[in-house]
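Architecture and fold: a report
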Amino acid sequence: MALKIGDIGLRAASAVVLAPAAVLATWAGGAWFCALVVAACGLLAFEWARMSAPRVWRSVGAAVALALIIAVVAAHIGQMSLALILLVFGALAAGLFARSRGGEALDAAYGVLYLGWPCVLLIWLRDLNDAQGLYWTVLVFAVAWASDILAYLVGSAVGGPKLWPRFSPNKTWSGFIGGLLAGMIAGAAMAGWLEMGRLNIFWGGVLGLAAALATMAGDLWESALKRRFGVKDAGNIIPGHGGLLDRVDGLMFAVVVVAAGRVIVLMMGPGA
């Protein structure tokens, strides 16, 4: 597969415009980061509704967005258990509402859980009470972005056998391996550069590799979902990238792995 310079340029231009807002909100934390995640929840909810319930996407999107935002706000004020409970009940409510409007109940309910779980965990990671919250959030973004970008570049430049042609005909094994190596290096670099307690360079690399694998899995899973719903992109809000979901599909899976790594480190006690 030939390397598409124009496509890369458009992607890069979009990233230059959007990345600063995400970086600044992540750096500021608190209400700013919560506002960023809430805004993302709204966009993701309506993209999901457009894919899964095109005839009633406005009402279903509003129901999914409401369920997501309530759970995220609960996580932001420190009520993680409540946030997870609200996600479950929000999924049930969104499903029932979607069915009443002529949509698919299971699709709406799954959308709340699929989008909400990583959003709640991202809030939990960033809202830790010291600099560790920022460091762990930076690690998530660094690993997910590195693996995603290098997978695209290596796959475009090298090509070769397809990874999963049934659902994602453009992804290759070369890109997959490049993405894994990039994630591992990014994880090790973050652990070596930032003070992350017991997460040293070796274990940072291991966590980065696991998170990169999750990033690749998230990308493939979203490709399968788009194939099921018969759409090429989740949306068209970002030039060169498609929808927001097309950009954060891997990040959503990576957050879960990194959050699990953070829990393990916390269980190791002082110095973590």
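Here we summarise the structure given alongside this text. Quantities reported herein were computed from a predicted structural model and do not represent experimental measurements. (Residues numbered from 1 in each chain as written. Predicted model: local features only at pLDDT ≥ 70, side-chain atom pairs only at ≥ 80, totals over all residues. Heavy atoms only, no water.)

Examining the overall build of the protein
Tallying secondary structure elements over the protein gives 9 helices and 2 strands in all. Start at the N end of the protein and walk to the C end: the helices and strands fall as α-α-α-α-α-α-β-β-α-α-α. A total of 272 residues make up the protein; the buried ones form 50% of that total. Pairs at least 24 residues apart make up 70% of the contacts formed inside the protein by residues separated by at least 6 positions. Carbon and sulfur atoms make up 72% of the accessible area of the protein, which totals about 13000 Å². (Helix = DSSP H or I, 4+ residues; strand = E, 2+ residues; numbered from the N terminus. Buried < 20%, exposed > 50% of the residue type's maximum accessible area, 1.4 Å probe, protein only. Contact = heavy atoms within 4.5 Å. Areas by Shrake-Rupley, 256 points an atom, 1.4 Å probe, with all protein chains shown as cover.)

Details of the packing of aromatic side chains
A full pass over the atoms with the stated rule returns 8 aromatic pairs. Summarising the aromatic geometry, the rings of W48 and Y110 are spaced 5.9 Å apart at their centres and angled 55 degrees between planes, so their arrangement reads as tilted. Taken as a pair, W48 in helix α2 (residues 30-52) and Y110 in helix α5 (residues 105-126) lie far apart in primary sequence, 62 residues in all. By relative accessible area, which is 0% here, W48 ends up buried. The class of Y110 is partly exposed, set by a relative accessible area of 31%. Plain terms: the ring middles of W48 and F229 are 5.6 Å apart, the flat faces sit at 90 degrees to each other, and that makes the pair edge-to-face. With a gap of 181 residues between them, W48 in helix α2 and F229 in helix α8 (residues 201-229) connect regions that are remote in the sequence. An aromatic cluster is defined as three or more aromatic residues linked by ring pairs; in this entry it consists of W48, Y110, Y114 and F229. We note R50 situated over the ring of W57; from NZ or CZ to the ring centre the distance is 3.7 Å. (Phe/Tyr/Trp six-rings, centres within 6.5 Å; stacked < 30°, edge-to-face > 60°. Lys NZ or Arg CZ within 6 Å of the ring centre and 35° of its normal.)

Some details on the environment of V265
Counting through the fold element by element, V265 comes out in helix α9 (residues 244-267). In this structure V265 comes out as buried when scored by relative accessible area, which is 5%. With 67 residues separating them in the primary sequence, V265 and R198 have C-alpha atoms 6.7 Å apart.

Things to note about the state of the cysteines
All told, the structure shown has 0 disulfides when counted by the stated rule. Here C34 stays unpaired: no disulfide links it, and the sulfur of C41, its closest cysteine neighbor, is 8.7 Å away. The thiol sulfur of C119 is not disulfide-bonded, and the nearest other cysteine sulfur, from C41, lies at 3.7 Å. With a relative accessible area of 9%, C119 lands in the buried category. (Disulfide = S-S within 2.5 Å.)

With respect to helix α3 (residues 57-76)
The terminal C-alpha atoms of α3 lie 28 Å apart, and with 20 residues this matches the ideal 28 Å at 1.5 Å per residue to within 8%. With its phi angle positive at about 90 degrees, G78 sits one or two positions after the end of α3. (Expected span 1.5 Å × (residues − 1).)

Observations concerning empty space enclosed by the protein
Under the definition given, this model contains 1 cavity of 30 Å³ or more. Taken as a whole, the largest cavity encloses approximately 60 Å³ of empty space. Only α6 (131-158) and α9 provide two or more residues apiece to the lining of the largest cavity. Taken together, the residues of the lining of the largest cavity sort by class into 3 nonpolar, 2 polar and 3 charged. (1 Å grid on protein atoms, 1.4 Å probe; cavity = no way out; pocket = protein on both sides within 12 Å on 5 of 7 lines; lining within 4 Å. Points joined across faces, edges and corners; volume = space filled by probe spheres on them. Nonpolar A, V, L, I, M, F, W, Y, C, P; charged D, E, K, R; others polar.)

Quick word on a nonpolar patch on the surface
On the surface, V23, W145, I149, L150 and L153 cluster together to form a nonpolar patch covering roughly 410 Å² of accessible area. In terms of residues, the nonpolar patch owes the most to one element, α6, which gives 4 residues. With relative accessibility at 46%, the residue V23 sits in the partly exposed group. (Patch = residues over 30% accessible without salt bridge, like charges linked within 9 Å, V, L, I, M, F, W, Y side chains within 5 Å. Salt bridge = Lys/Arg side-chain N within 4 Å of Asp/Glu carboxyl O.)

Some thoughts on the nonpolar core
L115 and L245 are the most contacted members of the largest nonpolar core, which totals 77 residues. By residue number, the principal contributor to this core is α5, which donates 12 residues. Aside from chain neighbours lying at most four places away, what touches L245 is L44, E47, W48, M51, Y114, L115, E222, A234 and M252. (Core = buried A, V, L, I, M, F, W, Y, C linked by side-chain atoms within 4.5 Å.)

Some remarks on the pattern of salt bridges
Any two side chains of opposite charge can pair if their charged atoms end up close together. For the coordinates displayed, the defined rule picks out 5 salt bridges. Ionic pairing is found between D148 and R247, a salt bridge with its closest N-O pair at 3.1 Å. Of this pair, D148 sits in helix α6 while R247 sits in helix α9; the two residues are 99 residues apart in sequence, bridging distant segments of the chain. R247 sits in the partly exposed class, given a relative accessible area of 24%. Between K226 and D246 there is a salt bridge; the shortest N-O distance is 2.9 Å.

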